[in-house]
Amino acid sequence: MKQRIITAVIAAAIFIPLVILGNLPFLLLIYLMATIGLYELLKMKKMPLSSFSSLLSFILLWAALVPEQHGGMFGYIYQHKLQIFLLGVLIYLIYTVVTKNSFTFDDAGFLSISVLYVGMGFYYMFETRQEGTDGLYYLFYALFTIWATDSGAYFFGKAMGKRKLWPEISPNKTIEGFIGGIVCALIVAILFYFFSDLEHSAVKLLLISILISVFGQLGDLVQSAYKRHYGVKDSGRLLPGHGGILDRLDSLIFILPILQILNLF
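Quick summary incoming for the structure in this document. This is a predicted model, so every value here is computed, not measured.

With respect to the overall build of the protein chain
Each helix and strand counted, the protein chain has 10 helices and 2 strands in total. Secondary structure elements of the protein chain, listed N to C terminal, follow the sequence α-α-α-α-α-α-α-β-β-α-α-α. Computed over C-alpha atoms, the radius of gyration of the protein chain comes to 19 Å, within 12% of the 18 Å expected from 2.2 N^0.38 for 265 residues, which places it in the range of a compact globule. Dimensions of the protein chain, computed from the C-alpha atoms along their principal axes, are close to 55 × 45 × 30 Å.

Section: the pattern of salt bridges
Applying the stated criterion across every chain yields a total of 5 salt bridges. Close ionic contact of R163 with E176 constitutes a salt bridge, the shortest N to O distance being 3.0 Å. Within this pair, whereas R163 is found in the loop between helix 7 (132-160) and strand 1 (164-166), its partner E176 is found in helix 8 (residues 175-195), the two being separated by 13 residues in sequence.

Some details on a nonpolar patch on the surface
A cluster of nonpolar side chains, I179, V183, I187, I190, L191, Y193, F194 and F195, forms an exposed patch at the surface whose accessible area comes to about 820 Å². Of note, V183 is situated in helix 8. Accessibility expressed as a relative area gives 38% for V183, which makes it partly exposed.

Description of the packing of aromatic side chains
Applying the stated criterion to the full structure yields 16 aromatic pairs. With a centroid separation of 5.7 Å and an interplanar angle of 15 degrees, the aromatic rings of Y117 and Y226 are classed as stacked. With Y117 in helix 6 (residues 105-129) and Y226 in helix 9 (residues 202-230), this residue pair connects regions lying 109 residues apart in the sequence. According to the relative accessible area criterion, Y117 is buried, its value standing at 12%. With centroids separated by 5.5 Å and ring planes inclined at 80 degrees, the aromatic side chains of F144 and W147 adopt a geometry described as edge-to-face. Of this pair, F144 and W147 both sit in helix 7, 3 residues apart, which is roughly one turn of the helix. Looking at F144, the relative accessible area reads 37%, which means it is partly exposed. Judged by relative accessible area, which is 34%, W147 ranks as partly exposed.

A word on the nonpolar core
Taken as a class, soluble globular proteins show a tendency for nonpolar side chains to be buried jointly. Counting residues in each nonpolar core, the largest one holds 61 residues, and the members touching the most others are F122, M125 and Y141. Once you skip the residues sitting within four places of it in the chain, F122 turns out to touch I30, M33, A34, L65, I245, L249 and I253.

Overview of the side chain of S51
Structurally, the position occupied by S51 is in the loop between helix 2 (23-44) and helix 3 (52-64). Its relative accessible area of 17% is what places S51 among the buried residues. Here S54 takes part through its side chain, which lies 3.1 Å from a polar atom of the side chain of S51.

What about the packing of helix 7 against helix 9?
Geometry of a packed helix pair, given as the angle between the helix axes and the separation of the axes. Relative to each other, helix 7 and helix 9 sit at 60 degrees, their axes nearing to 9 Å. Taken as axis vectors, helix 7 and helix 9 run oblique relative to one another. Remark: the crossing between helix 7 and helix 9 carries right-handed chirality. Every residue of helix 9 that contacts helix 7 at Y141, A142, T145, I146, T149 and A153 is listed here: L205, I208, S209, I212, S213 and Q217. Across the contact of helix 7 with helix 9, the residue classes break down as 7 nonpolar, 5 polar and no charged.

Conventions and cut-offs
- Residues numbered from 1 in each chain as written.
- Predicted model: local features only at pLDDT ≥ 70, side-chain atom pairs only at ≥ 80, totals over all residues.
- Heavy atoms only, no water.
- Helix = DSSP H or I, 4+ residues; strand = E, 2+ residues; numbered from the N terminus.
- Rg over C-alpha atoms; globule rule 2.2 N^0.38 Å.
- Salt bridge = Lys/Arg side-chain N within 4 Å of Asp/Glu carboxyl O.
- Patch = residues over 30% accessible without salt bridge, like charges linked within 9 Å, V, L, I, M, F, W, Y side chains within 5 Å.
- Areas by Shrake-Rupley, 256 points an atom, 1.4 Å probe, with all protein chains shown as cover.
- Buried < 20%, exposed > 50% of the residue type's maximum accessible area, 1.4 Å probe, protein only.
- Phe/Tyr/Trp six-rings, centres within 6.5 Å; stacked < 30°, edge-to-face > 60°.
- Core = buried A, V, L, I, M, F, W, Y, C linked by side-chain atoms within 4.5 Å.
- Contact = heavy atoms within 4.5 Å.
- Polar contact = N/O pair within 3.5 Å; in protein donor to acceptor, adjacent residues only side chain to side chain.
- Axes fitted to C-alpha atoms, helices over the stretch in contact; angles between N-to-C directions.
- Parallel < 35°, antiparallel > 145°, perpendicular 65-115°, else oblique.
- Left-handed = near helix turned anticlockwise from the far one by under 90°.
- Nonpolar A, V, L, I, M, F, W, Y, C, P; charged D, E, K, R; others polar.

Distances and angles like these do not, on their own, reveal function.
This is how it looks when you write it as structure tokens:
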């Protein structure tokens, strides 16, 4: 626990100021975290980082992260992200033929989903922040709701957990912890309603908090499923006591695309 707290304090001291700054400093952090996140997935599957397919996956990820631009090369990439990604998928499929199936259809599917999973999550993290002062509030609201959910799930699960939530995926999670996480998320909604400038009714904030808590915990289970399938305990070792970037941000990168697509942020 001591190691977890020290790591969390150091990480917060780096992350929070860059979130507040936004713009290019935060975008560079997004690129760094997303690149590490994709690296963690490739390492889970034991794919060679220097291979053509892995290098292509990083290129597709970096293209997916390009924010809205109004001209130039980056503007072109932003406007043609879908076409670039689809072209990448076709290249993966051609590569299965070129390598005579040493690079398999399953490998192509894994890389395609991994680029989408990491790319969309971190892209919407930046897009959320770029919505001015409201974007800063929204991002902190999502972060605090997820942290409260994680803490509530842990402590409620320790104190009252008896019924396993999904033992085949994450044997330590309980239904009581899942509900406790939602309760703590609702407390965050109430605090933000009274002490922030978010222009939402109390009912809407409560509903958004439930959505963040439920799907945030599902995002955590998705990462657990990845790790269990590939037989690893943590996605990485970058953050002592926490694991990797995906171990720490799995819920956030899962929930932000949902909130943006539903136009709730």
